[in-house]
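The residues making up each chain are set out below.
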Amino acid sequence: MTYDYIIIGGGITGITAARLLQLAGVERVLVLEAAPEIGGLCRTREINGHVLDTGGGHFLCTKHPEVYDFVFGHMPKSEFNYFNRVSRIEVEGCETDYPLESNLWQLPAALAAEYLRSVSANGEARGLPAPAHFEDWIRWKLGDRIAETYMLPYNRKIWGVSASEMDVDWLHKIPRLDVAQIARACEQRAADRAQMPSHAGFYYPKVGGFQRIFDAIAAPVRDCIATRTAVSSIERSGDTLLVNGRLRARAVINTAPWHTLAASPVFDPATREAIARLRHNQIVVSLHEENYGTDAHWLYQPSESLRHHRSFFIKNFAPHSAAGGLYRETNLKRWQAGQGELYAETNEHAYPIPTLGWARDISAVLRHTAPLGLHGLGRWGQWQYFNSDVCIHEAMQLVQRLGHAPHRAAA
Ligand SMILES: Cc1cc2nc3c(=O)[nH]c(=O)nc-3n(C[C@H](O)[C@H](O)[C@H](O)COP(=O)(O)OP(=O)(O)OC[C@H]3O[C@@H](n4cnc5c(N)ncnc54)[C@H](O)[C@@H]3O)c2cc1C
């Protein structure tokens, strides 16, 4: 048989695409997932009564109302708690609310003054043009003092590469800093909550973890998923695509990292080289038990003396989880087992890294593959720092571009 669509990858992108095609009445759809279970980065495990999102901190928040409609159409809004985000930054032995620049007044006076000088003298405020790589961009945006104690070490820790190897074209959504407003916040010793850049609040399931959302979307398409089926080859065969030399489809949607398919005959040498230049990092998520008094949902920890870069206080967003559970995210390059963790899981593909030239490379891949009926979609298929809500939104857009308007309600 010839499938209408084969979807590579059973994470939220692939499963959402399958569900949207099903809602549009497309019947011959097959999802191929390499792992023994679907879910990708949106999986949750329960360990000793602790709800652990094994892909790291996962919260539902979107600027796209249609994404909320889609999610709540599968899992009613009444099954979520809503939280105003409480996240903090631990810098030079002190803690402030996020974002740092709006909350400098929470630091000891001398440090606050140094940081305010740093941000006031930033290149952006002085009208200097935006630099071409991430390290210079951080210095231009926040000044050297904040760059050196917060943003540069934090980014080195999370990405696992130097900021000077990273591009700036993924940062265009970050608003211009209002230096007068930052100074006003210091004077009034209060941040304007409206200045919170993104993610000011979020939804989290009342039962279980983030995977509940994924499971609700996946339930109606379970029958069209094959697990333990890694795709390693795609080739053109007449007017169809042949997957792993045996499965035929009119079109393929790829949500998996492109390098897992790079040996496929469908790629020309230039595309293969572009794929080889795309880089990603690996993040270890480790579960710990500690008594914590904080009300924060999570804490950013830029200090190089700590291996991890973020901690999540589970009980504060999942009150149904056991007491004292927290988890940490650590780049695999910095990870060392045996730090009191109850459990640890490595995400082999965590973040696509926007290294210099990444946008040119992924565009070249997509320009080559789309006319062949092979469509890249989601965090890996489009190689962008997309959260799951954006993956869902991108799936909606692709399915529409492919000519399938959903004709049935989601639930
Ligand atoms: C630390 C961290 C924090 C995050 N926080 C949030 C958050 O708060 N909110 C939010 O909405 N999002 C968050 N995200 C992003 C979110 O996890 C992703 O956007 C989303 O899960 C990506 O889904 P995906 O299906 O595109 O990719 P994945 O979940 O990676 O799924 C890809 C799937 O493809 C499979 N696969 C790989 N290669 C092959 C192959 N060759 N053949 C077949 N299958 C293959 C994999 O096994 C996997 O199941 C976070 C991510 C990380 C890493």
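Keep in mind it's a predicted model, so treat the numbers as computed, not measured. (Residues numbered from 1 in each chain as written. Predicted model: local features only at pLDDT ≥ 70, side-chain atom pairs only at ≥ 80, totals over all residues.)

**Focus on the nonpolar core**
We apply this condition: The term nonpolar core refers to a set of buried Ala, Val, Leu, Ile, Met, Phe, Trp, Tyr and Cys residues connected through C-beta atoms within 7 Å. Residues with at least 20 neighbouring C-beta atoms inside 10 Å of their own are called buried, those with 12 or fewer are called exposed, and the rest are partly exposed, where every C-beta is derived from the backbone. A run of H or I in DSSP becomes a helix once it reaches four residues, and a run of E becomes a strand once it reaches two; helices and strands are each numbered from the N terminus. Per the annotation, domain bounds derive from an automatic or database assignment of domains. What counts as a contact here is a pair of residues whose C-beta atoms, placed from the backbone, lie within 7 Å.
I6, I7, I15, A17, V243 and V252 are the most contacted members of the largest nonpolar core, which has 109 residues in total. When residues in this core are grouped by element, the largest group, 8 residues, is from helix 5 (residues 144-159). Both of domain 1 (2-47 + 64-76 + 208-277 + 356-401) and domain 2 (87-198) provide at least three residues apiece to this core. Not counting residues within four places of it along the chain, the set of residues in contact with I15 comprises G10, V31, I38, F214, I217, A218 and V221.

**Observations concerning the site of the ligand**
Our working definition: Being near a molecule or strand means, for a residue, that its C-beta atom, positioned from the backbone, comes within 6 Å of it. Residues are grouped as follows: nonpolar covers Ala, Val, Leu, Ile, Met, Phe, Trp, Tyr, Cys and Pro; charged covers Asp, Glu, Lys and Arg; every other residue, Gly included, is treated as polar.
Surrounding the ligand, one finds 40 residues, the nearest of these being G9, G11, G40, G56 and G378. Listed by contribution, the elements that provide at least two residues to the shell around the ligand are helix 1 (12-23), helix 10 (378-381) and helix 11 (388-401). Across the shell around the ligand, the residue classes tally to 19 nonpolar, 17 polar and 4 charged.

**What about unusual backbone geometry?**
Cis geometry is adopted by the peptide bond preceding P99, which originates at Y98 and carries an omega value of 0°. Relative to the assigned elements, P99 resides in the loop between strand 7 (94-97) and helix 3 (109-120). Even without being a glycine, E92 presents a positive backbone phi close to 45°. Positionally, E92 belongs in the loop between strand 6 (87-91) and strand 7. Here R189, not a glycine, exhibits a phi torsion of approximately 50°, which is positive. Mapping R189 onto the fold places it in the loop between helix 6 (179-188) and strand 8 (201-205).

**Let's talk about the sheet that holds strand 15 (residues 298-300)**
As a reminder of what qualifies: When DSSP finds at least two bridges between two strands, those strands are taken to pair. A fitted line through C-alpha atoms serves as each axis, taken over the contacting stretch for helices, and the angle formed by two N-to-C directions is quoted from 0 to 180°.
Pairing within the open sheet is mixed, and its 7 strands lie in the order 7-6-15-16-17-14-18. The sheet is open, and its two edges are formed by strand 7 and strand 18 (343-347), each paired on a single side. With strand direction ignored, the average angle separating the axes of adjacent strands in the sheet is 25°. With 4 bridges joining them, strand 6 and strand 7 adopt antiparallel strand pairing.

**As for the environment of T44**
Examined against the element boundaries, T44 turns out to sit in strand 3 (residues 44-47). Expressed as a C-alpha distance, the spacing of T44 and Y82, which sit 38 residues apart in the sequence, is 19 Å. Aside from chain neighbours lying at most four places away, what touches T44 is V51, L52, D53, T54, G208, G209, F210 and Q211.

**Regarding the pairing of strand 14 (residues 283-289)**
Of all the 7 residues making up strand 14, 5 are buried; the element is thus mostly covered by neighbouring parts of the structure. Two elements, strand 14 and strand 17 (residues 325-331), share 7 bridges in a ladder whose sense is antiparallel. Bridge assignment links L287 to a residue of strand 17, and that residue is Y327. One ladder, built from 5 bridges, connects strand 14 with strand 18; its direction is antiparallel.

In short, shape yes, function no, at least from these values alone.
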